[in-house]
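Understanding the architecture of this molecule
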There are 2 protein chains.
Amino acid sequence: MSSTEFTKRLLTYRLSLLHLQEIGLNDVYSHLIAGETGFSAALIRKDFSRINVKGKRRGGYEIDVILQAINNYFGDDKVSKVILVGMGNIGSAIARYKDFQNQKLRIVAAFDIDPAKQRKKFSIPVYSMGKCQEIIYCYEIEAGIIAVPAFSAQTVCDRLVYCGIKGILNFAPVNLKVPEEVYVSNVSLSNELRHVIYHAKQNK
Amino acid sequence: MSSTEFTKRLLTYRLSLLHLQEIGLNDVYSHLIAGETGFSAALIRKDFSRINVKGKRRGGYEIDVILQAINNYFGDDKVSKVILVGMGNIGSAIARYKDFQNQKLRIVAAFDIDPAKQRKKFSIPVYSMGKCQEIIYCYEIEAGIIAVPAFSAQTVCDRLVYCGIKGILNFAPVNLKVPEEVYVSNVSLSNELRHVIYHAKQNK
DNA sequence: TTTATATTGTGAATATTGTCACAATAAATT
DNA sequence: AATTTATTGTGACAATATTCACAATATAAA
């Protein structure tokens, strides 16, 4: 199993490389990416080597080649389809999030227990949880986003797992419990913020 | 400098412990927390030892004591004050986010270039960026949240840093560049989701 | 009271991750 | 063409993080 840090670094590189490409660059040196991302140049070269990206000695790397290899590592140029559960405060913001479209990430359906939410016009259809299994099967969904209140998050999670979901991005402030074969990423906004505040205090 | 993983684990423990406390427990064993969080029992004990939490041999740990020590590590029972820049899609969801209040995290002011946003009624005041320095000084703010579009994120960031902010939680899909003494946590929703999808595919 | 059992706390062993240093080499310069 | 220079690619090394194993010890049971 490849380390989570490595995978995250690849996504960080990608973000920087897309930016550099946008401002007109075609090639980069490991030191430049180091400056952009904060990782060391040697580590970056090792990472590139790991995904079989070859540079030219003294010539640097072609941005296109790296981006291609990173996309390849993540297994797709295809659009990835996910579902979203919970169209409250956070959920509806995620539903409207623009960057997903650029990134070939598509939320194909959302779910909410509130019938009013189901009638309301969002850019994606909102169903009751009853439809969840059907949709997951039809669209062959592998990953879901949970944005429901803390008290119902585990129940929703269990249901998604039962329907065959293998990856969950969880915004509820709860540590979800799942079987081993399911991957959960808990994004606790409070924890992230606490973490930042902690470091801010250290650096004063 | 203490590792970021260690700090994150502490916050994960806290989330689980609060939950366990809510369902009526007073004491816990390291193995129980292991089951809740997915970290190994030995690691948990080492972590507790590191923040000077003592258990009773064969008796487990008192939840209260652990929580107190974790709060203490993060340096506060006081309310932590932060600012928020950008009241668009993501920004306004963050402004409304309930969990911050429970967690003694308070967004004291928000900023947006759009005058319409400034007039609109949110539960927190929304100012133009012009007010930013003044507010940061008055409230002695150390950390800020950036939720502006990618193209303006670095500019906003530079301004916050200039005003003395030492910690930034960034939701814009950009790797922000900051001086060494400033801590940035980049939360890219797209990257988080990609990461989950990647693991979901692995686990199929 | 004695024995069995479960749990903490931690030093030692192991595994993982990242850095360093430099040979290989391509490009640029003289 | 020869020399200098800048960069990659990677093996050896260092640092860090995690697990293992078990002594210490408190509780429960017999």
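Below, the structure is looked at part by part. Quick caveat: nothing in here was measured; it's all calculated off a predicted structure. (Residues numbered from 1 in each chain as written. Chains lettered and ligands numbered in written order. Predicted model: local features only at pLDDT ≥ 70, side-chain atom pairs only at ≥ 80, totals over all residues. Heavy atoms only, no water.)

1. Re the interface of chain B and chain A
Quite often, the size of an interface is put as the accessible area lost when its parts meet. Between chain B and chain A, the residue contacts involve 62 residues of the former and 62 residues of the latter. Both sides of the chain B and chain A interface together cover about 6,300 Å² of buried area, and 60% of this is carbon and sulfur. Linking chain B to chain A there are two salt bridges. Here B:Lys177 and A:Glu36 are joined by a salt bridge, their closest N and O atoms 2.8 Å apart. Run the count over chain B and chain A and you get 21 residue pairs in polar contact (both at pLDDT 80 or more). In terms of residue count, helix 10 (residues 189-202) of chain B provides more of the side of chain B that touches chain A than any other element does, 13 residues in total. (Contact = heavy atoms within 4.5 Å. Buried area = accessible area lost by both parts, 1.4 Å probe. Salt bridge = Lys/Arg side-chain N within 4 Å of Asp/Glu carboxyl O. Polar contact = N/O pair within 3.5 Å; in protein donor to acceptor, adjacent residues only side chain to side chain. Helix = DSSP H or I, 4+ residues; strand = E, 2+ residues; numbered from the N terminus.)

2. As for the pairing of strand 4 (residues 105-111) of chain B
All names here are of chain B. Buried residues dominate strand 4, accounting for six of its seven residues. The sheet contact formed by strand 3 (residues 80-85) and strand 4 spans six bridges and is parallel. Bridge pairing in strand 4 links Ile-83 to Ala-109. Of the pairings in the sheet, the one linking strand 4 to strand 5 (residues 126-127) comprises two bridges and is parallel in character. Across the sheet, the residue bridging to Ala-110 is Val-126, located in strand 5. (Buried < 20%, exposed > 50% of the residue type's maximum accessible area, 1.4 Å probe, protein only. Pairing = 2+ DSSP bridges.)

3. Let's talk about the protein's contact with DNA strand D
Around DNA strand D sit 20 residues, and of these A:Gly55, A:Arg57, A:Arg58, A:Tyr61 and B:Ser40 come closest. The sugar-phosphate backbone supplies 57% of the atoms of DNA strand D found within 4 Å of the protein. A:Ser30 has a polar side-chain atom sitting 2.7 Å from a phosphate oxygen of DNA strand D. Here A:Tyr61 contributes a side-chain N or O atom positioned 2.7 Å from a phosphate oxygen of DNA strand D. If you list the elements that add at least two residues to the surface near DNA strand D, you get helix 3 (41-50) of chain A together with helix 3 (41-50) of chain B. By residue class, the composition of the surface near DNA strand D is three nonpolar, six polar and 11 charged. (Near = heavy atom within 4 Å. Nonpolar A, V, L, I, M, F, W, Y, C, P; charged D, E, K, R; others polar.)

4. What to know about helix 10 of chain B
Residue and element names in this part refer to chain B. Compared with the 20 Å implied by 1.5 Å per residue over 14 residues, the 20 Å span of helix 10 between its first and last C-alpha is a close match. Most of helix 10 sits inside the fold, with 11 of its 14 residues counted as buried. Taken together, the buried positions of helix 10 are occupied by Leu-189, Ser-190, Asn-191, Leu-193, Arg-194, His-195, Val-196, Ile-197, Tyr-198, His-199 and Ala-200. (Expected span 1.5 Å × (residues − 1).)

5. A word on the nonpolar core
Counting 54 residues, the largest nonpolar core has A:Leu84, A:Ile145, B:Leu84 and B:Ile145 as its most contacted members. Discounting chain neighbours no more than four positions away, the residues touching B:Leu84 are B:Gly91, B:Ile94, B:Ala95, B:Ile107, B:Ala109, B:Ala110, B:Phe111, B:Ile145 and B:Ala147. (Core = buried A, V, L, I, M, F, W, Y, C linked by side-chain atoms within 4.5 Å.)

6. With respect to the sheet that holds strand 3 (residues 80-85) of chain A
All names here are of chain A. Taken together, six strands build an open sheet; the order of strands is 5-4-3-6-7-8 and the sheet is parallel. Two strands in the sheet have a free side with no partner beyond their single neighbour: strand 5 (126-127) and strand 8 (183-186). As paired elements, strand 7 (residues 167-170) and strand 8 share four bridges and run parallel to each other. Residue pairing across strands places Asn-170 opposite Asn-186, the latter belonging to strand 8. Those strands touched by helix 5 (residues 89-96) are strand 3, strand 4 (105-111) and strand 6 (143-146), and its axis lies near 155° from that of strand 3. Sitting on the sheet, helix 8 (residues 132-139) touches strand 3, strand 4 and strand 5, and the angle it makes with strand 4 is about 160°. (Axes fitted to C-alpha atoms, helices over the stretch in contact; angles between N-to-C directions.)

7. Details of the protein's contact with DNA strand C
By nearness alone, 20 residues border DNA strand C, and A:Ser40, A:Lys46, B:Ser30, B:Arg57 and B:Arg58 come closest of all. Of all atoms in DNA strand C that approach within 4 Å of the protein, 58% are sugar or phosphate atoms. For DNA strand C, a phosphate oxygen lies 3.1 Å from a polar atom in the side chain of A:Arg9. For DNA strand C, a base oxygen lies 3.1 Å from a polar atom in the side chain of B:Lys46.

8. Brief notes about the relation of the copies chain B and chain A
Superposition of chain B onto chain A requires a rotation of 180° combined with a translation of 0.0 Å along the rotation axis, giving an RMSD of 0.0 Å. Here the two chains are linked by the operation of a two-fold rotation axis. No C-alpha of chain B approaches the rotation axis more nearly than that of B:Ala93, which lies at 3.2 Å. Comparing interface residues between copies, 100% of those in chain B also sit at the interface in chain A, which points to an isologous, same-surface contact. (Least-squares fit on C-alpha atoms with pLDDT ≥ 70 in both.)

9. Section: unusual backbone geometry
The phi angle at A:Asn52 is positive, at roughly 65°, despite the residue not being glycine. Position of A:Asn52 relative to the elements: it lies in the loop between helix 3 and strand 2 (61-62). Despite not being glycine, B:Arg58 has its phi angle at roughly 65°, a positive value. Among the secondary structure elements, B:Arg58 is positioned in the loop between helix 3 and strand 2 (61-62).

10. A look at a positive patch on the surface
A cluster of basic residues, A:Arg96, A:Lys120, B:Arg96 and B:Lys120, forms a positive patch on the protein surface. Looking at where B:Lys120 falls in the secondary structure, it is placed in the loop between helix 7 (115-119) and strand 5. (Patch = residues over 30% accessible without salt bridge, like charges linked within 9 Å, V, L, I, M, F, W, Y side chains within 5 Å. Areas by Shrake-Rupley, 256 points an atom, 1.4 Å probe, with all protein chains shown as cover. Lys, Arg positive; Asp, Glu negative; His and termini not counted. Charge placed at Lys NZ, Arg CZ, Asp CG, Glu CD.)

The values are spatial; any link to function lies outside them.
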